[in-house]
Amino acid sequence: MTLLLAQAVTDTVQKIADTASQATQQLAAIPQQELRFGDLLIKGGWVMLPIGILAVLGLVIFFERYFTIRKASKNESHLMVQVRESIRTGNLQSAMAICKNSDSPLGRMLAKGLLRIGRPIKDIEGAIENVGKLEVSKLEKNIGILGIVAGIAPMFGFLGTIAGVIKIFYDISKTDNISMGVISGGLYVKMVTSAAGLFVGIVAYVCYHILNMMVDKVILKLETDAIEFIDLLEEPSK
């Protein structure tokens, strides 16, 4: 009797092992589907569309402003040297031509100052300052939009999170089944949109401050050169 019971247990264990082995082989034979980046974005749903638009808008503004500011921040030391020599020799027409040919913020500021020569220094300083403000406002054009993108993109990600939660509860109510297969669709929407919104927001935030730092450097350089120009005009009266 004992031998028969032991034999039955052994046969049962062997059958279970064979079944498990067959199941493992079948799972191994099933090709594993790789999750592609494009498929992942599609799983984020409609919220990914405004996030994508914000990403493209932010990149376009950043690169357009970056090259514009970089062009304005080029070294203009040779311009100041030429203008200084022309003023010291009394050749104001040559100094004016040099400033106009430079096609730079500093050149336009100095040209306005040269047009005011003969008037009180305060008038010359005011004219240069007004032109400087206009040049800075041109450099700062559209930079504020990057700040808006940095703030709005994470909000769209949060909106996607809410949409994902709504989808989860809707799928559960429709199937009356709480399983990973049912809630996975909503989880995809939540996680993908949140990650995309945060990523776009972080990149836009960094780009926004990079451009602002570049503009600050240009402003400092323009102010320094403007002071040097005013000092140059006051030299004969010292």
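Rules used in this analysis
- Residues numbered from 1 in each chain as written.
- Predicted model: local features only at pLDDT ≥ 70, side-chain atom pairs only at ≥ 80, totals over all residues.
- Heavy atoms only, no water.
- Helix = DSSP H or I, 4+ residues; strand = E, 2+ residues; numbered from the N terminus.
- Buried < 20%, exposed > 50% of the residue type's maximum accessible area, 1.4 Å probe, protein only.
- Areas by Shrake-Rupley, 256 points an atom, 1.4 Å probe, with all protein chains shown as cover.
- Contact = heavy atoms within 4.5 Å.
- Phe/Tyr/Trp six-rings, centres within 6.5 Å; stacked < 30°, edge-to-face > 60°.
- Axes fitted to C-alpha atoms, helices over the stretch in contact; angles between N-to-C directions.
- Parallel < 35°, antiparallel > 145°, perpendicular 65-115°, else oblique.
- Left-handed = near helix turned anticlockwise from the far one by under 90°.
- pLDDT = per-residue confidence, 0-100.
- Patch = residues over 30% accessible without salt bridge, like charges linked within 9 Å, V, L, I, M, F, W, Y side chains within 5 Å.
- Salt bridge = Lys/Arg side-chain N within 4 Å of Asp/Glu carboxyl O.
- Core = buried A, V, L, I, M, F, W, Y, C linked by side-chain atoms within 4.5 Å.

1. Some thoughts on the overall build of the chain
- Tallying secondary structure elements over the chain gives nine helices and zero strands in all.
- When the helices and strands of the chain are listed from N to C terminus, the series reads α-α-α-α-α-α-α-α-α.
- Relative to its 238 residues, the chain shows a buried fraction of 32%.
- Summing over all exposed atoms, the chain offers an accessible surface of approximately 15500 Å²; the carbon and sulfur share of this is 65%.

2. Quick notes on helix H6 (residues 105-115)
- Where burial is concerned, most of H6 is hidden: eight out of the eleven residues are buried.
- Looking only at H6, the buried set comprises Pro105, Leu106, Gly107, Met109, Leu110, Ala111, Gly113 and Leu114.

3. Some thoughts on the side chain of Arg84
- Considering the arrangement of structural elements, one finds Arg84 in helix H4 (residues 77-88).
- Residue classification places Arg84 among the buried residues on the basis of a relative accessible area of 18%.
- Filtering out sequence-adjacent residues up to four positions away, Arg84 remains in contact with Glu228 and Leu232.

4. A word on the packing of aromatic side chains
- One pass over the structure, following the stated rule, counts three aromatic pairs.
- Aromatic pair Phe62 and Phe63: ring centres 5.3 Å apart, planes at 70°, arrangement edge-to-face.
- Accessibility expressed as a relative area gives 11% for Phe62, which makes it buried.
- The rings of Phe62, Phe63, Tyr66 and Phe67 are connected pair by pair, giving a single aromatic cluster.

5. Details of the environment of Ala95
- Within the secondary structure layout, Ala95 lies in helix H5 (residues 92-102).
- A sequence separation of twelve residues divides Ala95 from Val83, and the C-alpha atoms of the two residues are 5.0 Å apart.

6. Observations regarding the packing of H4 against H5
- Where H4 meets H5, the axes come as close as 7 Å, and the angle between the chain directions of the two elements is 165°. As far as their axial angle goes, H5 and H4 are roughly antiparallel. Judged by the sense of rotation from one axis to the other, the crossing of H4 with H5 is left-handed. Along the contact surface, H4 presents Leu79, Gln82, Val83, Ser86 and Ile87, while H5 presents Leu92, Ser94, Ala95, Ile98, Cys99 and Ser102.

7. Focus on the confidence of the model for the chain
- Scored by pLDDT, the chain comes out at a mean of 76, with 69% of its residues at no less than 70.
- The weakest mean pLDDT in the chain belongs to helix H1 (residues 2-29) at 48; the strongest belongs to helix H3 (residues 48-72) at 90.
- In this model, residues 26-33 is a region of pLDDT below 50 whose contacts with residues beyond four sequence positions or in other chains number one contact.

8. Brief notes about the packing of H5 against H6
- With their axes 8 Å apart at the nearest point, H5 and H6 run at an angle of 155° to one another. Taken together, H5 and H6 sit at an angle that is classed as roughly antiparallel. The way H5 lies across H6 gives a crossing that is left-handed. Residues Leu92, Ala95, Met96, Cys99 and Ser102 of H5 form the contact with H6, whose participating residues are Gly107, Leu110, Ala111, Leu114 and Leu115.

9. Observations concerning a nonpolar patch on the surface
- A surface patch of nonpolar side chains, about 410 Å² in accessible area, is lined by Leu198, Ile202, Tyr205 and Val206.
- Looking at the element boundaries, Tyr205 is found in helix H9 (residues 180-234).

10. Let's talk about the pattern of salt bridges
- Here the structure, examined in full by the defined rule, presents six salt bridges.
- Its salt-bridge partner being Glu64, residue Arg65 comes within 2.8 Å of it at the nearest N-O pair.
- Relative accessible area serves as the criterion here: at 6%, Arg65 is assigned to the buried category.
- Residue Lys221 is joined to Asp225 by a salt bridge in which the shortest nitrogen-to-oxygen separation is 2.7 Å. Here Lys221 pairs with Asp225, and both are found in helix H9, just four residues apart, close to one helical turn.
- Here Lys221 falls in the partly exposed class, since its relative accessible area comes to 36%.
- Here the salt bridges do not stand alone but share partners, grouping Arg108, Glu135 and Lys138 into one network.

11. Topic: the nonpolar core
- Core analysis: the biggest nonpolar cluster contains 46 residues, and Ile69, Val83, Ile87, Leu110 and Phe229 have the highest contact counts within it.
- Secondary structure elements with two or more residues in this core: H3, H4, H5, H6, helix H7 (121-139), helix H8 (143-175) and H9.
- Here this core takes 15 residues from H9, the largest share from any one element.
- Look past the residues within four positions of Leu110 in its chain and what remains in contact with it is Leu79, Met80, Val83, Cys99 and Phe229.

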